[in-house]
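Structural characterization, general
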2 protein chains.
Amino acid sequence: MYKINHTTTNELSRVQEKITKELASEKIIQDIYEYIFQSKGKKTRALITLLASQSKKIKPLRRIELASIIELLHTATLVHDDVVDQSKLRRGEKSVNQVWNNSYSVLMGDFIYSKAFMLMMKLDRPAILKELASATNDIARGEIIQLNLFENYLHLDLDDLLKVSYLKTGRLFEAAAKTGAMLADSSEADVKSFGLLGKNLGIAFQIQDDILDYESLHINTGKPALQDFQEGKITFPLFYTLNNSAKDDQKFLLEHLGKKKLTKTIKNRVFSLVRSDMPMQCSQTLLNSYISKTKKSLEKLSHHSCYNEMLNLIMFSSQRKL
Amino acid sequence: MYKINHTTTNELSRVQEKITKELASEKIIQDIYEYIFQSKGKKTRALITLLASQSKKIKPLRRIELASIIELLHTATLVHDDVVDQSKLRRGEKSVNQVWNNSYSVLMGDFIYSKAFMLMMKLDRPAILKELASATNDIARGEIIQLNLFENYLHLDLDDLLKVSYLKTGRLFEAAAKTGAMLADSSEADVKSFGLLGKNLGIAFQIQDDILDYESLHINTGKPALQDFQEGKITFPLFYTLNNSAKDDQKFLLEHLGKKKLTKTIKNRVFSLVRSDMPMQCSQTLLNSYISKTKKSLEKLSHHSCYNEMLNLIMFSSQRKL
């Protein structure tokens, strides 16, 4: 896990408390809500907000509130993603669509989204609200573009994948860092640096996530191996493989991409193709370049109290296995 | 159709223009967006906003913007509803989940919701934003409660159905009227009257919608007959029927409620049970009582420029066949 200060650990627990205290009067909603938030998750985005908002100028409670809003927005996207991806598991537990069904997932996602917007109103900071509304819109945009990538895989280039990674993952990291800094009334320069840091860290997070999909058939990385592949997602390692393999191998990969059921033999061949040197090296190089960008932004924030904790988070992100 | 003034008709066209001008840079999003908004719908909620916001104090453009936001929120709920209800048709056209699939519907709903919140930020009226965030949350709440009604049909009473009708339909009508009045800086008393008017008109709209489901197997009312029944929804006419029929009939209805495929014989028996005198009379009486409440609120607004147009809308709502 991250090496973070005792204070920050406490603040993260308060985020969890704050979120789970948001009750609805109806039992069925409360049941699903509690089910969703029983798994605490890593709360990386909330952590980024807490770090970027560190300041004596602002009451801790306000920072907890903003971090909770960020976590609610993220959770709403997860609940909807499980419908989009027809996922059966989320954080090792059955997904909402499995325990209840797709209808409940769609509506609970909407419930959590709008709950987040209600809490934003209480925060009474229009510029922050504006950033979060736009981030929410960009996440949906990114996911729609991703759905559509597969149909255009022949004309795909690296920039398309980077754009999707930015929109679906980097955008909320960016907003989490930026709004944290905004809440603390940081200088314009610091808000900008935090925004860039978040953006690039989010993209790095996504690249690492893509790599983990091909990490191992055996080691438990928190998500089942080949999940992205079986959901038909063209991720960074697969992109590099498709661009550099023989026609036959390319054909084989595309034939099985997005298939819910794959035999062990097929899985093994997919692995041996994608895990070969080139795709993994290229993905790792790309990851490193985004980690470097992130560190460069952090250097501009060397005066900030969160410097060490943020550096730890960045180092963790470049090596995480779950 | 409603008898509305030439000016209001023009304003409604400008709402349609405003909405369809909200472009995304990606072709796939633009395609789905245009598909959704090609059907213009009745725009009842936007109309209510336009009427309630009539005032010389406010620029027409601001009213068009608010009405467009209301229409976008409503459309987002429809796109998600089609996933929830697995509907194949929307306004006589194939639903988004039919032309594309559920994944696109979930994400396009999110895209449109967040677009609405982005436009709200531009409106720069925190109290209006607060009302709309809370309304959005209530709509999701109402829909979740409705999903859960079926499982508790034995303990269902009229208040449960009225609550669902308020949350899923009345709430946005209420917010549409209330925020319209708020935008025009109306007196507190007027905002309250508009809110009540919207709320009760929305509930009346829902009761009429429920009645139309059992209107006829043959006449085209814009939605297929028995759609609610086949989606497993306990609506007002069905509620009254279940509460007053013999055990055998009750058992028959519950056995077939929510079944996607029904033979003609079964459909005919469902119809003859629900369309019998009592359930239809009770539903009609309930509808009339909500129309009366709506008119009572309108009487308090007899000084308002929208009085006649609003009265026409209320009269239309009590008799509409689509």
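It should be emphasised that the depicted structure is a prediction, and the values quoted were computed from it without experimental measurement. (Residues numbered from 1 in each chain as written. Chains lettered and ligands numbered in written order. Predicted model: local features only at pLDDT ≥ 70, side-chain atom pairs only at ≥ 80, totals over all residues.)

Another point: the overall build of chain A. Tallying secondary structure elements over chain A gives 15 helices and two strands in all. Relative to the 2.2 N^0.38 estimate, which gives 20 Å for 322 residues, the radius of gyration of chain A is 20 Å and therefore close to what a compact globule would have. By principal-axis analysis of the C-alpha atoms, chain A measures approximately 60 × 50 × 35 Å. Taking as baseline every contact in chain A between residues at least 6 positions apart, the subset at least 24 positions apart corresponds to 74%. (Helix = DSSP H or I, 4+ residues; strand = E, 2+ residues; numbered from the N terminus. Rg over C-alpha atoms; globule rule 2.2 N^0.38 Å. Contact = placed C-beta atoms within 7 Å.)

Their axes nearest at 8 Å, the elements helix α4 (residues 60-84) of chain A and helix α6 (residues 102-123) of chain B cross at an angle of 155°. Considering the angle they form, α4(A) stands roughly antiparallel to α6(B). Of the residues in α6(B), those touching α4(A) at A:His80, A:Val83 and A:Val84 are B:Asn102, B:Ser103, B:Val106, B:Leu107 and B:Asp110. Classifying every residue of the contact of α4(A) with α6(B) by side-chain character gives four nonpolar, three polar and one charged. (Axes fitted to C-alpha atoms, helices over the stretch in contact; angles between N-to-C directions. Parallel < 35°, antiparallel > 145°, perpendicular 65-115°, else oblique. Nonpolar A, V, L, I, M, F, W, Y, C, P; charged D, E, K, R; others polar.)

Right, let's talk about helix α2 (residues 27-38) of chain B for a bit. Structurally, the α-helix is built with 3.6 residues per turn, so residues lying three or four positions apart point the same way. Between its terminal C-alpha atoms α2(B) stretches 16 Å, which fits the 16 Å expected from 12 residues at 1.5 Å a residue. All of the buried residues along α2(B) are B:Ile29, B:Ile32, B:Tyr33 and B:Ile36. The arc that holds every buried residue of α2(B), seen down its axis, measures 100°, which confines them to one face. What points out from α2(B), more than 90 degrees from its buried face, is the exposed set B:Lys27, B:Glu34 and B:Gln38. In the core, the buried residues of α2(B) are packed alongside α7 (126-149) of chain A together with α4 (60-84), α5 (96-99) and α6 of chain B. (Expected span 1.5 Å × (residues − 1). Buried ≥ 20, exposed ≤ 12 C-beta atoms within 10 Å, placed from the backbone. Arc of directions from axis to C-beta.)

Residue and element names in this part refer to chain A. Note that Glu65 resides in helix α4. Note: C-alpha distance between Glu65 and Leu238 (173 residues apart in sequence) is 39 Å. Ignoring sequence-local partners within four residues, the contact set of Glu65 consists of Lys18, Leu119 and Leu123.

Now for the relation of the copies chain B and chain A. Take chain B, turn it by 180°, move it 0.0 Å along the axis, and it overlays chain A with an RMSD of 0.0 Å. In short, the pair behaves as if placed about a two-fold rotation axis. If distances are taken from each C-alpha of chain B to the rotation axis, the shortest is found for B:Val106, at 3.4 Å. A shared interface surface links the copies, since 100% of the contact residues of chain B are contact residues in chain A too. (Least-squares fit on C-alpha atoms with pLDDT ≥ 70 in both.)

Averaged over all residues, the pLDDT of chain A is 90; the fraction at 70 or higher stands at 97%. Confidence, read as mean pLDDT per element, is least for strand β1 (residues 89-90) of chain A in chain A (78) and greatest for helix α8 (residues 158-183) of chain A (97). (pLDDT = per-residue confidence, 0-100.)

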